Amino acid sequence: MYFYLYLVSLCLGIAAAAPQFDRNLDAKWKQWKSQHRRLYGGNEEDNWRRATWEKNLRMIEMHNLEYSAGKHSFRMEMNKFGDMTNEEFRQGMIGFTERRFEGKTKGNLFREPLFEQLPESVDWRKEGYVTPVKNQGMCLSSWAFSATGSLEGQWFRKTGKLVSLSEQNLIDCSLDEGNLGCKGGVVDVAFEYVKRNGGIDTEDSYDYIALDGFCRYWEETSVARITGYVDIPSRNETALKKAVATVGPISVNIDASNPSFRFYESGVYYEPQCSSHNPNHAMLVVGYDVDEETHKKYWIVKNSYGKNWGKEGYILIARDRYNHCGIATEASYPEL
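What this report covers is the structure whose coordinates are included nearby. (Residues numbered from 1 in each chain as written. Predicted model: local features only at pLDDT ≥ 70, side-chain atom pairs only at ≥ 80, totals over all residues. Heavy atoms only, no water.)

Describing the packing of aromatic side chains
The geometry of an aromatic ring pair comes down to the distance between the two centres and the angle between the two planes.
Line of reasoning, step 1. Under the defined criterion, the tally for this structure stands at 20 aromatic pairs.
Line of reasoning, step 2. With a centroid separation of 6.3 Å and an interplanar angle of 35°, the aromatic rings of phenylalanine 74 and tyrosine 264 are classed as tilted. Residue phenylalanine 74 is found in strand β1 (residues 74-76), and its partner tyrosine 264 is found in strand β8 (residues 264-269); the two are separated by 190 residues along the sequence.
Line of reasoning, step 3. Judged by centre distance (6.2 Å) and plane angle (90°), the rings of tyrosine 264 and tyrosine 269 are edge-to-face.
Line of reasoning, step 4. On the basis of relative accessibility, which here comes to 0%, the residue tyrosine 264 falls in the buried class.
Line of reasoning, step 5. Through a chain of ring-to-ring contacts, three or more aromatic side chains come together here, namely Phe74, Phe81, Phe89, Phe261, Tyr264, Tyr269, Tyr305 and Trp309.
Line of reasoning, step 6. When the ring centre of phenylalanine 21 is taken as origin, the NZ or CZ atom of arginine 50, which lies over that ring, is 4.8 Å away.
Line of reasoning, step 7. Directly above the ring of tyrosine 270 sits arginine 321, whose terminal nitrogen or CZ lies 4.0 Å from the centroid. (Phe/Tyr/Trp six-rings, centres within 6.5 Å; stacked < 30°, edge-to-face > 60°. Helix = DSSP H or I, 4+ residues; strand = E, 2+ residues; numbered from the N terminus. Buried < 20%, exposed > 50% of the residue type's maximum accessible area, 1.4 Å probe, protein only. Lys NZ or Arg CZ within 6 Å of the ring centre and 35° of its normal.)

Now the structure itself:
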């Protein structure tokens, strides 16, 4: 009798611990898994991922209801990160080492043009400076994509040729300078490697695999030799604007640790919880503008999560809002 009661209580405990799903979302969950090719290792993992996905979906829907009520300046959407917790996202998609190594840097300080009349808006994509959006995969390599992005822009400015450069070259070969490959890295250190190395290989000759590998740099396919790099004065959005307007796309680092960034869809991104002092994800500012309807100023920023994230791979980040998300905290570009 006691054994029977024990079994009943055990079963009841298991049933109580089992996740309670919204069955109206069954078809949507299956569609999401199919779209993103998710295959889990059994029912237990499937249930855990389903619970995480539903929690994220409810958060997104609540945010968008508040957006419709005028409480937010941007929309969110379910995407390929939907079955990840925020901690998993932080560990797998963002993070890098300190860029300036306790204040020491080999970069030159940006000299702001004194009498330059800056345009009201800039978009270097329209001028041919920017390659298509790329995808870093599950590798902490945003630093490499940011570095190649600004280098691609400066190479186009010098030669008139837009050449996609190899992030994998930087991941595999800049370890001696201090980068950590798929465990994180620093944009300026990538520039130091390219300078010392005498160039960087093209994407076509050194393809991306989203894993740490052996250095296989080939001088015959190398381009984009640089003489150094320039650091924008820290936390100075005015100086960043001048650099973007007069130089081209600029490498930046931002705080990307909030769930709202992970699920950004459209609009001007302003997140009150965003830190302006602790950036952890490298990106590329390709321009700036002002929203015609809301009159909100924003930066046009290229990410490395693929075209299916955000606005076809881009995010509009609030500009002149006290260095929002740290966008001007650590900004730089290479010199050719």
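Let's talk about the environment of glycine 95
Line of reasoning, step 1. Summarising the element assignment, glycine 95 is placed in the loop between α4 (86-93) and β2 (108-109).
Line of reasoning, step 2. For the pair glycine 95 and isoleucine 300, spaced 205 residues apart in sequence, the C-alpha to C-alpha distance is 21 Å.
Line of reasoning, step 3. Sequence-distant contacts of glycine 95, that is, excluding residues within four places in its chain, are made with Leu140, Gly184 and Asn280. (Contact = heavy atoms within 4.5 Å.)

Here we look at the state of the cysteines
Line of reasoning, step 1. With the rule as written, the count across this model stands at three disulfides.
Line of reasoning, step 2. Across the disulfide from cysteine 173 sits cysteine 215; the S-S distance is 2.1 Å. A torsion of 100° about the S-S bond marks the disulfide between cysteine 173 and cysteine 215 as right-handed. You can see cysteine 173 sitting in helix α6 (residues 167-173) and its partner cysteine 215 sitting in the loop between β4 (200-201) and β5 (222-223), a full 42 residues away along the chain.
Line of reasoning, step 3. Taking the relative accessible area as the measure of exposure, cysteine 215 reaches 47% and is therefore partly exposed.
Line of reasoning, step 4. In the protein, the bonded cysteines, taken in the order they occur along the sequence, pair up as 1-3, 2-4, 5-6. (Disulfide = S-S within 2.5 Å.)

What to know about the side chain of asparagine 258
Line of reasoning, step 1. One can find asparagine 258 in the loop between β7 (250-254) and α9 (259-262).
Line of reasoning, step 2. Since its relative accessible area comes to 10%, asparagine 258 is described here as buried.

Focus on empty space enclosed by the protein
Line of reasoning, step 1. The tally for this structure, following the rule as stated, stands at one cavity of 30 Å³ or more.
Line of reasoning, step 2. Taken as a whole, the largest cavity spans an internal volume of roughly 100 Å³.
Line of reasoning, step 3. Considering the residues around the largest cavity, the lining is formed by 13 residues, among which Phe145, Ser146, Lys302, Asn303 and Ser304 are closest to the centre.
Line of reasoning, step 4. Contributing elements (two or more residues each) for the lining of the largest cavity: α5 (142-159) and β9 (281-290).
Line of reasoning, step 5. If one sorts the elements of the lining of the largest cavity by residue count, α5 sits on top with five residues. (1 Å grid on protein atoms, 1.4 Å probe; cavity = no way out; pocket = protein on both sides within 12 Å on 5 of 7 lines; lining within 4 Å. Points joined across faces, edges and corners; volume = space filled by probe spheres on them.)

Here's the deal with the pattern of salt bridges
Pairs may arise between side chains of opposite charge once their charged atoms sit close together.
Line of reasoning, step 1. Evaluation of the coordinates by the stated rule reveals 18 salt bridges.
Line of reasoning, step 2. With its nearest N and O atoms 2.7 Å apart, the salt bridge here joins glutamate 167 to lysine 134. Within this pair, whereas glutamate 167 is found in helix α6, its partner lysine 134 is found in the loop between β3 (122-123) and α5, the two being separated by 33 residues in sequence.
Line of reasoning, step 3. Residue class for glutamate 167 comes out buried when judged on its relative accessible area of 1%. (Salt bridge = Lys/Arg side-chain N within 4 Å of Asp/Glu carboxyl O.)

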